[in-house]
Amino acid sequence: MAGKKKSKKKKEEDLKQKSLFSYVESSKSEKMGEEEEERTLDEETEELQDISEEFEEDAEMEVEVVQDQIYGEDIIKFKKAKVKSPSEIIPIPQDLFFKGNDKPFGLKEGNIKLEKISRESVTSKYIRYLIQKGEIVQNLERGLLLDVDYDGTQNKAYCKFYDLDTGEVKIWIDTTNHEPYCLSKEPISELKKNKELIGYDGFQRFEEIKRMDLLSDKEIKMTKIYGKTPINIGGSGTNIKNILAGNDKKAWEADIRYHLNYIFDRQLIPGLIYSIENGTIKKVKFKESEDESKKITQELHNLFKDESIEIQEFSEKFLDIFLTPIPDVKRMAMDIEVNIGEHDYRVPDPRQAKQEIISISFVATDGLKRVYILEREGFTYSKPHKNFPADAEVVFYKSEKALLTETFRILWKYPIVITFNGDNFDLNYMFHRADKLKISRDLNPIHVKRGFGILSKAECDLRKGVHIDLFNFFFNRSISGYAFGGAYESSSLNAISDALLGKEKYQHEEEIHEMEYNILSWYNLKDSLLTLELTKFNSSLVWNLIILLCRITKMPIHEMVRRQISTWIQNIFYFEHRRRGFLIPRRAEISELKKGGFKKSVIEGKGFQGAYVISPVPGIHYDVVVMDFASLYPSIIKEYNLSYETVLCPHEDCKDNLLRNTPYHTCTHKMGIFAYVVGFFRDIRVKYFKPKSSDKALSEKQRNYYNTIQQALKVFINGSYGVFGSQNFPLFCLPVAESTTSIGQYSIKQTIKKSEEIGVKVLYGDTDSVFLLNPSKDQMSKLSHWSKQELDLDLEEEKTYQFLALSERKKNYVGIYKDSKYVDIKGLVAKKKNTPDFIKKVFSHLLEILKNVTNNEEFSKAKKEIIEIVRDNLKKIGKSDAFSLEDYAINIALQKSLSGYDKVIPQHVRAALELKKATGKEFQKGETVTFIKTKGGNGAKAIELASLQDIDIKKYKELLRSALEQILDALGISFDEIKGIKKMDAFF
DNA sequence: TAGAGCTGCTTACCT
DNA sequence: ACAGGTAAGCAGCTCTAT
């Protein structure tokens, strides 16, 4: 039955900490401790049939199913296919075969003749086709702006709108005559003397403009230098930027990609609704109900009425962004299966596209459920798999070319196509495979571009529609970390793409190329079902999140889903600069003016000093209250007016406005751009959307929506400090980063002082928290008030431990929550994913005992039991009947490719190299190696090659010892003491 | 020449 | 192309006692 093996008790604390996404965390932790039973195909598939109902009512379940996919632990087990004699082969019923379709599609539709243009991109050709056909949209009532890009052939920006009335994508080309440009501080008269510039082919003309220069806090005259095309401005080779640089002059805003520049200049907001009238686009004020939006507008006005003018003005600009409902759009998920040979461990190279595509599945929001299957020799089909949905259809093809062609027909039809890893695999593969099969490019809907980012080798767009690769989105560090609570961090990225091909880890089961049609079709369809479901669950949470993030970042969807938080934040600030007529500074300008570096980092080689960690008071403590500063760094940035232009501002009268614990001053005239943007996000989340998201007076749908907004905001709030502190951030300003952490250090240190003054002992603390020994309500509120008064920061009660074990180690402790008895483990070896299971088992046994301890008497009792357990387990190591080989396994991730280890070769790398040599298995960056510590040889052996006799008993005893010492230390038990008892036992 | 002692590399964690 | 601080194990080296 669906999910029967998973217990559904949720940890109260998880709920509190992770809000909506807590179920991800809890399902993961439940998985950890459990033995993974083998689920049969039946169980799995029954689950899927119920998926749609389940997703409505049971959030926990959905993600479990999804998790299997993400983790590459797709648990489907198949029986090995039997080899059949020819008489056993039943032919496929004729009516299941594709019957042909002559209707033209793609660029073949209509009788359009296009002249050849060499080196033209496939999208550019499509746009020429639309122009010729008269299908560039001139009038549109309500269009959701999805994408903005640049088209080389037209030399113009173009937009993709989702027509809310027809569900189609409409393409609009800029009609405002926007041109590429960069800026110079030289006057036109001076620039005219530059023969190279004037004579340059790509140069267009000059224009005098004014910009506010934040660094000098003055309005300055500048020259706008127009180029013919974006590549004439920046990029590589000869261009205006380089010509200026060659003459020792600088160009401003020359590195902004054209389509983004276009968005900034036109102040377009992707994700909002626009209308087009006779070629002119206009933002639609979208108001479902006048009263409702008026009320919210009023509430938000009141919220910010005491804030700075900068925040008030900025908040106005976000009304639309938050108030406009997010339309649920028509979309289709798809997935392909490729015929991979036996014993082939490599992921097929999409650019080569050597193997045939044997199956493609489609699932769409309009009810489409379909699988296209290629007929191959030796396979039979009598009826669908018993779990194959009744409303899904299978179509067989005699040729791969027809199969792919018909796939393209569907791809042209849907406005939004969802894949999981389609950039690097599915779409990329189909594009190149189509070339191989000599399918006309005019029918091919895919546009393969060069990729960027950590893992993207390619970016696959659609010429007409929009492609969203969920792999990119889900593995964005901020999305996985802040929005989904780090739930799938432990999975290697490569394992997921492998899981989609369904081969890795399933060597013992039937492989894809051996599957009968009924199994293959169901297997293939299931992936698309899940992929679409990923965008649909929780009232389209993920889709809503994607659109909200587009609106907040002002990035086109194709770019937003593929970029990291630093680019998102950069874009927000560029857009804001342009909105207010601020000059976007050059990176070097900031660093020359504001050098910083007043304190060295604790860690050698880091850019600046970070947080302060209080040395713990070792021992057992009861009734410990943890208080912490609510979003410490963002609060500091807002309250202390930290921004690249305000810290060390040029005004004489600000020079004595020193920031605490730093040699820097900050501006008293205006609020800095970092300060008001981060401040606004923080305030509106904490004071408005977070309370709304749990407001019982609202409908569930509304609460869900507000929760999505507060979750999206959290991404920016939590990510902002890290981005500001990154040397690669174009607006990086060392004194800002230093001031943030330095004021943080000051705040926590003053808090310790104050606590002790009012008679509360501080046991420990890290960055933004203090662990207080049994404080009274009165003492806590005193501390809170003092913090607000003296530090301008909110110090709040976070949690209470009935029991807390501290060792002398920082970032290392075990606490048990007072009410829920939830065991909170931080940093201990036993918690780390590279610790062998048998150690984790012993450890959790100890914790079970500690759970009930509330005072010293109970503790002494527990102590005796613990000594007993440790002694017992030490003896068991290496005994054949005690632990299994898997219990000794150590998992370590490869942070680099195998060849990248040139300084030292760690054990896990040696184990991987040995396994590669023995079996040919490839390891990629990010993948996890599972190995056993062995006597002699390498000292390590991949689990695939090891047996129980190989284990190094001495090493494992050592490991158990050091893991347990972390907690035994705190309990006041010495390991030697335990060993001593063992000896005495042996004596008597 | 084995082993002690050290430094630096590597990974995983905490906030 | 988000930050710094901490713990732990090991690789690889030099030095030293034998």
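Here the residue numbering is sequential within each chain, running from 1 through the sequence in written order. To read the labels, note that chains go from A and ligands from 1, taken in the order they are written. Given that the model is predicted, a residue must reach a pLDDT of at least 70 before its local features are reported, and side-chain atom pairs must reach 80 or more before they are shown or counted; all residues, however, enter totals for whole chains, interfaces and linings. Side-chain numbers here rest on the full set of heavy atoms in the structure, without hydrogens or water.

**A closer look at the protein's contact with DNA strand C**
Every one of the 34 residues lining DNA strand C counts as a neighbour, but Arg809, Arg910, Lys933, Ser962 and Gln966 are closest to it. We call a residue near a molecule or strand as soon as one heavy atom of that residue lies within 4 Å of the molecule or strand. A share of 76% of the atoms of DNA strand C within 4 Å of the protein falls on sugar and phosphate groups. Val602 places a polar main-chain atom, nitrogen or oxygen, 3.2 Å from a phosphate oxygen of DNA strand C. Here a polar contact is taken to be a pair of N or O atoms separated by no more than 3.5 Å, where protein atoms must pair a possible hydrogen donor with a possible acceptor and residues adjacent in sequence count only if both atoms sit in side chains. Residue Arg809 places a side-chain N or O atom 2.6 Å away from a phosphate oxygen belonging to DNA strand C. Breaking the surface near DNA strand C down by element, the ones donating at least two residues are α17 (477-483), α25 (700-724), α30 (907-919) and α31 (953-971). Helix and strand definitions here come from DSSP, where helices need a minimum of 4 consecutive H or I residues and strands a minimum of 2 consecutive E residues; each element is numbered from the N-terminal end. Per-element tally for the surface near DNA strand C: the top contributor is α25, with four residues.

**Points about the domain arrangement of chain A**
Domain annotation for chain A reports domain 1 (135-284), domain 2 (331-540), domain 3 (585-826) and domain 4 (837-979). Residue ranges assigned to the domains are those given by an automatic or database domain assignment. Taking only C-alpha atoms into account, the centre of domain 2 sits 44 Å from that of domain 3. Here, residues are in contact when the closest pair of their heavy atoms is within 4.5 Å. If you look at the interface, domain 2 gives four residues, while domain 3 gives six residues. Computed with a 1.4 Å rolling probe, the buried area is the accessible surface lost when two parts are put together, summed over both parts. For the pair domain 2 and domain 3, the summed buried surface comes to about 480 Å²; carbon and sulfur atoms form 60% of the total. Three residues, Tyr482, Ala483 and Ser539, lead the burial of domain 2 against domain 3; their summed loss comes to 79% of the area buried on that side. Where domain 2 packs against domain 3, one counts two residue pairs in polar contact (both at pLDDT 80 or more). Per-element tally for the side of domain 2 that touches domain 3: the top contributor is α17, with three residues. Among the residues forming the side of domain 2 that touches domain 3, the class breakdown is two nonpolar, two polar and no charged. Under this grouping Gly is polar, as are all residues other than the nonpolar Ala, Val, Leu, Ile, Met, Phe, Trp, Tyr, Cys and Pro and the charged Asp, Glu, Lys and Arg.

**Here we look at the environment of Gly422**
Mapped onto the elements of the fold, Gly422 is located in helix α15 (residues 422-436). Exposure is judged per residue with a 1.4 Å probe applied to protein chains only, and the accessible area is read against the type maximum: over 50% gives exposed, under 20% gives buried, and values in between give partly exposed. Under the relative-accessibility criterion, Gly422 is labelled buried at 0%. Measuring from C-alpha to C-alpha, the distance between Gly422 and Lys305 comes to 47 Å, with 117 residues separating the pair along the chain.

**Some thoughts on the protein's contact with DNA strand B**
Near DNA strand B you find 21 residues, and of these Asp768, Gly827, Lys833, Gln895 and Tyr901 are the closest. Each atom of DNA strand B within 4 Å of the protein belongs either to a base or to sugar and phosphate, the latter forming 95%. Within the backbone of Asp766, a nitrogen or oxygen atom sits 3.3 Å from a sugar or linking oxygen of DNA strand B. Within the residue set of the surface near DNA strand B, elements represented by two or more residues are β23 (823-826) and β24 (890-893). Counted by class, the surface near DNA strand B contains seven nonpolar, five polar and nine charged residues.

**Re the packing of aromatic side chains**
Note on aromatic pairs: the rings of Phe, Tyr and Trp (six-membered ring only in Trp) are paired at centre separations within 6.5 Å, and the planes decide the class, stacked below 30 degrees, edge-to-face beyond 60, tilted for the rest. According to the stated counting rule, one finds 56 aromatic pairs in the structure shown. In this structure, Lys224 packs its charged tip against the face of Tyr181, placed 4.3 Å from the ring centre. Only when the NZ atom of a Lys or the CZ atom of an Arg is both within 6 Å of the ring centre and within 35 degrees of the ring normal do we say a charge sits over the ring. We note Arg586 situated over the ring of Trp252; from NZ or CZ to the ring centre the distance is 5.7 Å.

**Section: the pairing of strand β8 (residues 280-283)**
Strand pairing follows a simple DSSP-based rule, namely that at least 2 bridges must link the two strands. Where strand β7 (residues 273-277) lies against β8, four bridges are found, and the strand directions are antiparallel. When the sheet's bridge partners are listed, Ser275 is paired in β8 with Lys282. Counting the residues between successive antiparallel strands, the hairpin from β7 to β8 contains two residues, one of them, Asn278, with a positive phi of roughly 45°.

**Description of helix α14 (residues 400-413)**
Expected helix span is given by 1.5 Å per residue-to-residue step, counting one fewer step than there are residues. Spanning 14 residues, α14 covers 20 Å between terminal C-alpha atoms, matching the ideal 20 Å at 1.5 Å per step. The buried fraction of α14 amounts to eleven of the 14 residues, a majority that puts the element mostly inside the structure. Three or more residues of α14 are buried, namely Glu400, Leu403, Leu404, Thr405, Glu406, Thr407, Phe408, Arg409, Ile410, Leu411 and Trp412.

**Some points on the sheet that holds β23**
Read from one edge of the open sheet, seven strands run β17-β19-β20-β18-β21-β22-β23, paired in antiparallel fashion. The open sheet has two free edges, formed respectively by β17 (613-614) and β23, since each of these has just one partner strand. Pairing between strand β18 (residues 619-629) and strand β21 (residues 795-806): ten bridges, direction antiparallel. Opposite Phe629, over in β21, you have Leu795 as the bridge partner.

**A closer look at the pattern of salt bridges**
The term salt bridge refers to a side-chain nitrogen of Lys or Arg lying within 4 Å of a carboxyl oxygen of Asp or Glu. Overall, the coordinates contain 59 salt bridges when judged by the stated rule. The shortest N-O distance in the salt bridge between Asp165 and Arg142 comes to 2.9 Å. Residue Asp165 is found in the loop between β2 (156-163) and β3 (169-173), and its partner Arg142 is found in strand β1 (residues 140-151); the two are separated by 23 residues along the sequence.

**Some words on the environment of Trp252**
Mapped onto the secondary structure, Trp252 falls in the loop between α9 (240-246) and α10 (258-266). With relative accessibility at 6%, the residue Trp252 sits in the buried group. Separated by 332 residues in sequence, Trp252 and Ile584 have C-alpha atoms that sit 7.2 Å apart. Excluding anything up to four places from it in sequence, Trp252 contacts Cys182, Leu183, Ser184, Lys185, Met222, Leu583, Ile584, Pro585, Arg586 and Glu589.

**Points about the nonpolar core**
Buried Ala, Val, Leu, Ile, Met, Phe, Trp, Tyr and Cys residues that are joined via side-chain atoms within 4.5 Å together make up what is termed a nonpolar core. Within the largest apolar cluster, 204 residues are counted, with the highest numbers of intra-cluster contacts made by Phe322, Met430 and Phe681. Considering each element in turn, this core owes the most residues, 20 residues, to helix α19 (residues 517-553). Sequence-distant contacts of Phe322, that is, excluding residues within four places in its chain, are made with Leu548, Ile552, Phe680, Ile684, Phe689, Tyr705, Ile709 and Leu713.

**Comments concerning the pairing of strand β15 (residues 458-462)**
β15 sits mainly inside the fold: five of its five residues count as buried. In β15, alternate side chains face the same way, and those of Ala458, Cys460 and Leu462 on one face and Glu459 and Asp461 on the other are all buried. Of the strand pairs in this sheet, strand β14 (residues 446-450) and β15 are connected by five bridges, and their pairing is antiparallel. The residue of β15 that forms the bridge with Ile446 is Leu462.

**Thoughts on the packing of helix α23 (residues 632-639) against helix α26 (residues 734-757)**
Two numbers describe a pair of packed helices, the interaxial angle and the distance between the axes. Axes here refer to lines fitted to C-alpha atoms; in helices the fit is confined to the stretch in contact. Angles between the N-to-C directions go from 0 to 180 degrees. At a closest axis distance of 9 Å, the pairing of α23 and α26 adopts a crossing angle of 110°. Judged by the inter-axis angle, α23 sits roughly perpendicular to α26. Across the interface between the two elements, Leu632, Tyr633, Ile636 and Ile637 of α23 pack against Thr740, Thr741, Ile743 and Gly744 of α26. Partitioned by chemical class, the residues of the contact of α23 with α26 number five nonpolar, three polar and no charged. We call two directions roughly parallel when the angle between them is under 35 degrees, roughly antiparallel when it is over 145, roughly perpendicular when it lies between 65 and 115, and oblique otherwise.

**Thoughts on the environment of Asp217**
With respect to the helices and strands, Asp217 occurs in the loop between β5 (203-213) and β6 (218-227). The exposure class assigned to Asp217 is partly exposed, which follows from its relative accessible area of 21%. For Asp217 and His908, which are 691 residues apart along the polypeptide, the C-alpha to C-alpha distance reads 55 Å. Non-local contacts of Asp217, meaning those with residues more than four positions away in its chain, are made with Met212, Pro650, His651 and Lys670.

**Topic: the confidence of the model for chain A**
Residues at a pLDDT of 70 or more form 86% of chain A, whose mean pLDDT is 85. How sure the predictor is of each residue is captured by pLDDT, a score from 0 to 100. Predicted confidence for residues 1-83 stays below pLDDT 50, and this span has 166 contacts to residues more than four positions away or in other chains. For the stretch residues 981-988, pLDDT sits under 50, and the model shows five contacts to residues farther than four places along the chain or on other chains.

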